Amino acid sequence: MKKMRTFLLILTVCSLTFGQSWRNLNTSNSDLPSNAILDILFDDDGSIWYCTQDKGLVHYQNGQYTAYNSQSSDDFSADFVNAIVKSPDGGYWIATEYDGLYHLNNGQWTQYNSQNTGKDLKYLRVLALQNGGPDNGGLLWIGAWSKGLFSFDGQNWQEYNFWNGTLPSSNVFAVVIETNPDPAKNESTVWVGTSNGLYRFDGSAWQEFPINGEQGEWVNAIALENGGTLYTSGKMYLGTESGGFCIYDGSSWEIFNLADPWNPNTSVTHIALDVDNVKWLATDEQGLAMYDGSQL
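This is a predicted model, so every value here is computed, not measured.

Parameters and conventions
Residues numbered from 1 in each chain as written. Predicted model: local features only at pLDDT ≥ 70, side-chain atom pairs only at ≥ 80, totals over all residues. Heavy atoms only, no water. Helix = DSSP H or I, 4+ residues; strand = E, 2+ residues; numbered from the N terminus. Rg over C-alpha atoms; globule rule 2.2 N^0.38 Å. Buried < 20%, exposed > 50% of the residue type's maximum accessible area, 1.4 Å probe, protein only. Phe/Tyr/Trp six-rings, centres within 6.5 Å; stacked < 30°, edge-to-face > 60°. Core = buried A, V, L, I, M, F, W, Y, C linked by side-chain atoms within 4.5 Å. Contact = heavy atoms within 4.5 Å. Pairing = 2+ DSSP bridges. Axes fitted to C-alpha atoms, helices over the stretch in contact; angles between N-to-C directions.

A.B. asks: Help me understand the overall build of the protein, please; the structure alone is not making it clear to me.
C.D. replies: Scanning the protein for helices and strands turns up 1 helix and 26 strands. Against the 2.2 N^0.38 benchmark of 19 Å for 296 residues, the protein shows a C-alpha radius of gyration of 19 Å, consistent with a compact globule. Projecting the C-alpha coordinates of the protein onto the three principal axes gives extents of approximately 50 × 50 × 40 Å. Residue burial in the protein is summarised as follows: out of 296 residues, 48% are buried.

A.B. asks: Looking at this structure, I do not really get the packing of aromatic side chains. What am I missing?
C.D. replies: How two aromatic rings sit relative to each other is set out by the distance from centre to centre and by the angle between their planes. Summed over all chains, the structure comprises 33 aromatic pairs. Aromatic side chains Trp93 and Phe152 sit 6.1 Å apart centroid to centroid with 80° between the ring planes, which places their arrangement in the edge-to-face category. Here Trp93 is found in strand E9 (residues 92–96), whereas its partner Phe152 is found in strand E14 (residues 148–152), with 59 residues between them in sequence. Both residues of the pair, Trp93 and Phe152, count as buried. Taken together, the ring pairs connect Trp49, Tyr68, Phe76, Tyr92, Tyr102 and Trp109 into an aromatic cluster.

A.B. asks: Help me out: how do you make sense of the nonpolar core in this one?
C.D. replies: When a protein is soluble and globular, its nonpolar side chains tend to lie buried together. In this structure, Trp93, Leu101, Leu124, Leu127, Ile142 and Trp157 are the most contacted members of the largest nonpolar core, which totals 15 residues. If you list the elements that add at least two residues to this core, you get strand E8 (81–86), E9, strand E12 (124–130), strand E13 (139–144) and E14. Ranked by residues supplied to this core, first place goes to E13 with 3 residues. In this view, Trp157 contacts Leu101, Tyr112, Thr117, Lys119, Leu121, Ile142, Phe150, Ser151 and Phe152; residues no more than four positions away in its chain are not counted.

A.B. asks: Quick question: what am I supposed to make of the sheet that holds strand E17 (residues 188–194) here?
C.D. replies: Working definition: the strands of a sheet are paired by backbone hydrogen bonds and lie parallel or antiparallel to each other. The antiparallel open sheet is built from 4 strands, whose spatial order is E16-E17-E18-E19. Where the open sheet ends on each side, the last strands, each with one partner, are strand E16 (172–179) and strand E19 (206–208). On average, each strand axis in the sheet is inclined to that of its neighbour by 25°, with strand direction left out of account. Sheet topology places E16 next to E17; 7 bridges connect them, and they run antiparallel. Bridge pairing links Val172 to Thr194 in E17.

Here you go:
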């Protein structure tokens with residue numbers, strides 16, 4: 001395994017343009033209501049949504065922060081929010097730790113929890129839209145800690161987990177949809193990172209996808225470049241709990257290792273690709289790393 005150079009980052013929210021400096025936003029130097037940011041959505045209207053661990057869902061627009069949580073005067077009551085996605089029609093789906101799933105559309109909030117769905121919708125961690133999600137006739141995929149994976153079409157729920165024998169792990173940390181760019185084919189595959197391996201679902205069957213021949217690897221993050229590897233000539237990037245940054249080009253693997261002998265527990269928790277296809281890797285022990293395809 002190759003060693004990767006890492007860059008220590010001790011910031012809450014930051015932005016970087018090459019040739020410029022880092023800017024640190026936190027509760028002491030701005031009106032940002034929380035330092036515990038878990039997910040960020042840059043909206044197409046220029047506003048920003050923040051998922052926080054203690055102040056709920058925060059919206060930044062026109063220089064103002066608006067927090068939606070248990071203290072706000074609306075129908076959103078969650079303080080611990082893990083993920084947000086936006087559907088093509090403009091609806092938002094929000095995953096929370098303890099309060100289930102929320103949908104925001106045209107200013108109206110809808111909550112989905114164990115009381116009105118019969119599903120144990122706790123510890124929801126990741127979201128992914130397939131074919132536009134329920135607002136557009138597709139599916140919403142929801143990964144959860146200890147609860148497995150859910151799919152929702154707006155009316156019906158499906159569960160995939162260890163307990164019902166449909167998925168070998170009930171700990172899901174990453175969900176990504178790979179879609180055939182040819183609309184006539186109407187094909188897509190669901191990639192799922194779990195604590196017991198990487199899996200893919202073609203709509204009818206689950207299959208484990210070994211990483212460089214190894215099965216059962218704990219996968220925290222999945223990112224696709226140029227559409228992925230199944231339908232195009234792109235790439236897939238994985239981050240693992242053991243510190244691996246894994247690159248798959250459709251036929252072979254390249255593996256880098258962020259874990260050092262003195263710090264073997266470093267894990268890659270998130271991967272983001274910027275407009276220049278630079279890969280930014282979040283870790284839980286060594287800050288932030290970057291990979292531009294040639295320079296580590």
